[in-house]
Amino acid sequence: MTQKRILITGAAGFLGSHLCDRFIKEGYHVLAMDNLITGDLSNIEHLFELQNFEFYHHDVSKFVHVAGELDYILHFASPASPIDYLKIPIQTLKVGSLGTHNLLGLAKAKGARMLIASTSEVYGDPNVNPQPEEYWGNVNPVGPRGVYDEAKRFQEAITMAYHTFHGVETRIVRIFNTYGPRMRLNDGRVLPAFIGQALRGEDLTVFGDGSQTRSFCFVDDLIDGIYRLLMSDYASPVNIGNPDEITISQFCEEIIKLTGTSQKIVYKPLPTDDPKQRRPDITKAQEILGWQPKVDRAEGLKITYDYFKSLSPTALSKIEHKDFTSYNK
Ligand code: NAD
Ligand code: UDP
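(A) Geometry of the pattern of salt bridges. With the rule as written, the count across this model stands at 22 salt bridges. Between arginine 113 and glutamate 169 there is a salt bridge, with the nearest N and O atoms lying 2.6 Å from each other. Here arginine 113 is found in strand E5 (residues 113-119), whereas its partner glutamate 169 is found in the loop between helix H4 (146-166) and strand E6 (170-175), with 56 residues between them in sequence. With a relative accessible area of 17%, arginine 113 lands in the buried category. Given a relative accessible area of 38%, glutamate 169 falls into the partly exposed group.

(B) Up close: the packing of aromatic side chains. Throughout the structure, instances matching the rule amount to twelve aromatic pairs. Taking 5.4 Å as the distance between ring centres and 45° as the angle between the ring planes, the aromatic pair formed by phenylalanine 23 and tyrosine 227 counts as tilted. Of this pair, phenylalanine 23 sits in helix H1 (residues 14-25) while tyrosine 227 sits in helix H6 (residues 219-231); the two residues are 204 residues apart in sequence, bridging distant segments of the chain. With respect to class, phenylalanine 23 is no different from tyrosine 227; both count as buried. Ring pairs connect the aromatic residues Phe23, Tyr28, Tyr72 and Tyr227, which therefore count as one cluster. A cation sits over an aromatic face here: arginine 22 above tyrosine 227, 4.2 Å from the ring centre.

(C) Broad picture of H4. A rise of 1.5 Å per residue sets the reference length of H4, with its 21 residues, at 30 Å; its end C-alpha atoms lie 28 Å apart and thus fit the reference within 8%. Within H4, the full set of buried residues consists of Gly146, Val147, Tyr148, Asp149, Ala151, Lys152, Gln155, Glu156, Ile158, Thr159 and Tyr162. Summarising the contacts, the buried residues of H4 are in contact with strand E4 (72-75), helix H2 (82-87), helix H3 (89-110), E5 and E6. Phi turns positive one or two residues past the end of H4, at glycine 167, with a value near 70°.

(D) Representation of helix H9 (residues 297-310) within the structure. In this model, H9 (14 residues) spans 20 Å end to end at C-alpha, consistent with the 20 Å of a helix rising 1.5 Å per residue. Those residues of H9 not exposed but buried are Arg297, Gly300, Leu301, Thr304, Tyr305 and Phe308. In a view along the axis of H9, the buried residues occupy a sector of 130°, so they form one face of it. Exposed residues pointing more than 90 degrees away from the buried face of H9 are listed as Ala298 and Ser310.

(E) Structural detail: the environment of aspartate 71. Here aspartate 71 is to be found in the loop between strand E3 (53-57) and E4. Through-space distance from the C-alpha of aspartate 71 to that of isoleucine 6 is 5.9 Å; in sequence the pair is 65 residues apart. Look past the residues within four positions of aspartate 71 in its chain and what remains in contact with it is Gln3, Lys4, Arg5, Ala112 and Arg113. Here the side chain of aspartate 71 touches arginine 5 through a polar contact of 2.7 Å, landing on its backbone nitrogen.

(F) Just the site of ligand 2, in detail. In the vicinity of ligand 2 there are 18 residues, among which Thr205, Phe207, Arg214, Asp274 and Arg278 approach most closely. Contacts to ligand 2 include glutamine 212, whose side-chain N or O atom sits 2.9 Å from an oxygen atom. A distance of 2.5 Å is found between an oxygen atom of ligand 2 and a side-chain nitrogen or oxygen belonging to aspartate 274. Look at ligand 2: alone it shows 520 Å² of surface, and the protein chains cover 94% of it. Within the residue set of the shell around ligand 2, elements represented by two or more residues are helix H5 (190-200) and strand E8 (204-207). Here the shell around ligand 2 is built from residues that sort into eight nonpolar, four polar and six charged.

(G) Main features of the sheet that holds strand E1 (residues 5-9). Strand order in this open sheet of seven strands is E3-E2-E1-E4-E5-E6-E11, and the pairing throughout is parallel. Every other strand in the sheet has two partners, leaving E3 and strand E11 (238-240) as the edge strands with one partner each. With strand direction ignored, the average angle separating the axes of adjacent strands in the sheet is 20°. In the sheet, E5 pairs with E6 via six bridges, with the strands oriented parallel. When the sheet's bridge partners are listed, threonine 119 is paired in E6 with isoleucine 175. Across the face of the sheet, H4 comes into contact with E4, E5 and E6 while running at roughly 155° to E5. Lying on the sheet, H6 is in contact with E1, E4, E5, E6 and E11; it crosses E6 at an angle near 160°.

(H) Representation of the nonpolar core in the model. Counting 60 residues, the largest nonpolar core has Phe23 and Phe76 as its most contacted members. Sort the elements by how many residues they give to this core and H6 lands first, with seven residues. Ignoring sequence-local partners within four residues, the contact set of phenylalanine 23 consists of Ile6, Ile8, Tyr28, Val30, Leu74, Tyr227, Leu230 and Met231. Core analysis: the second largest hydrophobic core is formed by 21 residues, Ala77, Leu103, Ile158 and Ile172 among them.

Here is what the cut-offs are and how they apply
- Residues numbered from 1 in each chain as written.
- Chains lettered and ligands numbered in written order.
- Predicted model: local features only at pLDDT ≥ 70, side-chain atom pairs only at ≥ 80, totals over all residues.
- Heavy atoms only, no water.
- Salt bridge = Lys/Arg side-chain N within 4 Å of Asp/Glu carboxyl O.
- Helix = DSSP H or I, 4+ residues; strand = E, 2+ residues; numbered from the N terminus.
- Buried < 20%, exposed > 50% of the residue type's maximum accessible area, 1.4 Å probe, protein only.
- Phe/Tyr/Trp six-rings, centres within 6.5 Å; stacked < 30°, edge-to-face > 60°.
- Lys NZ or Arg CZ within 6 Å of the ring centre and 35° of its normal.
- Expected span 1.5 Å × (residues − 1).
- Contact = heavy atoms within 4.5 Å.
- Arc of directions from axis to C-beta.
- Polar contact = N/O pair within 3.5 Å; in protein donor to acceptor, adjacent residues only side chain to side chain.
- Near = heavy atom within 4 Å.
- Areas by Shrake-Rupley, 256 points an atom, 1.4 Å probe, with all protein chains shown as cover.
- Nonpolar A, V, L, I, M, F, W, Y, C, P; charged D, E, K, R; others polar.
- Pairing = 2+ DSSP bridges.
- Axes fitted to C-alpha atoms, helices over the stretch in contact; angles between N-to-C directions.
- Core = buried A, V, L, I, M, F, W, Y, C linked by side-chain atoms within 4.5 Å.

Encoded structure:
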C-alpha cells in the first residue's frame, strides 16, 4: 500500500505540531508548512530527522505549490489568540481568506480531501448557550475581533462553495478553547497567561469581573476528534470541544491551587466584544464521530503545568509578546 501524503499548514504552531505527531504516528508522509509568524520550530524539531517528514517555510496567503500527490490537507495556519490577531489583523484576514482559497485550489488540483480549522468565534458573543452548529452567531464585523471571526466565517463559506460547486471533499471543525503542552507562554491566551504569571510570581490578571465562561478542551481529545472528522464522510461543520463550562474567576482559582502561588487576583478591563459565555453542544460529534472528550480539566491542567515548568528559565522570563514588526509592512 502506498503511503498517504498529508499537508499540514500552521504545522509549527500549538495544534499543528500535535497534528504532525498524530499523522506521523498513523504512518503518513507529512508535509509541514508554516511561515513561523506565531509558531516555533522547536514544536516540531523532533520530527526533522524522520524520512516521512518535510518542512516548508512558506506563507500560505501566497500561491502554494506542492510537488507530487496529496491525499489530505489540514489548514491550521492562522493566528489564534486575541493578542496575536489584534497585532496582525491583515495577516489574519489574509490567511483565512486568500490562504484558504489557495489551499482549496490545491485540494481541487490534487483531488485531496481538505479539513479547515474553524472556531467557536464564528458564534461571536453568543445569545444561546450551549452553541449548536445550527446557531448562526452574533458577530461584530467591525469590532477588534472581527478580523478573526469574519476571516473564519469567510473560510467556512468558501470551503462549502468549493465542496458544492467543485465537488472538493471538505471537512469543517469548529474548535472550542483548547489547551495543552506547546502553547506559547506569551500568546496572551488565558491559560498560559495565568500559569506564566504564577510561575513568575506575578499577580493573576482576570479581565472584567471574571463571570464570563469558557469550556476548555485538552489537546489530545481535540486531535482525536479532528482525526475522526477527517476520516468521516460529513461535510457540514462539527463542534469539537469539552462542554465542561467554567467562569474565568473559577478557572483562575483552579490555577492558583494547582500552582500553589501566593499571588493575588487583579481585575483588568474586559476586552471589547469578549464573549460572555461559551460552551459547545457536542451532540453531532458524539452521534456522527462517536467522539467525546476523555481528559478532565484537573488531569489536563496538571500535564500542561508540568510542561510549562519544564521550560528553561529564559523561556519563562520571556514575557514580552512576539515582535510582529516585519510582518506588518
Ligand atoms: P498557533 O498560533 O500556535 O499556530 C498557528 C500557526 O500558523 C503558527 O505556527 C503560525 O506561524 C502559522 N501561520 C499563521 N499564518 C500563516 C501563514 N500565512 N502561512 C503559514 N503559516 C502561518 O495557533 P493554534 O492554537 O495552534 O491554532 C491553530 C488553528 O486552530 C488556527 O487556525 C486557529 O484559528 C484554530 N483554532 C484554535 C483554537 C485553540 O484553542 N487553540 C480554537 C479555535 C480555533
Ligand atoms: N482572560 C483573562 N485574563 C487574561 C487573559 C484572558 O481574564 O490574562 C479572559 C479573556 O478576557 C476571556 C477568557 O479569559 O474572557 C479567555 O480568553 P482567551 O484569550 O484565552 O480566549 P478567547 O476565548 O477569548 O478567544
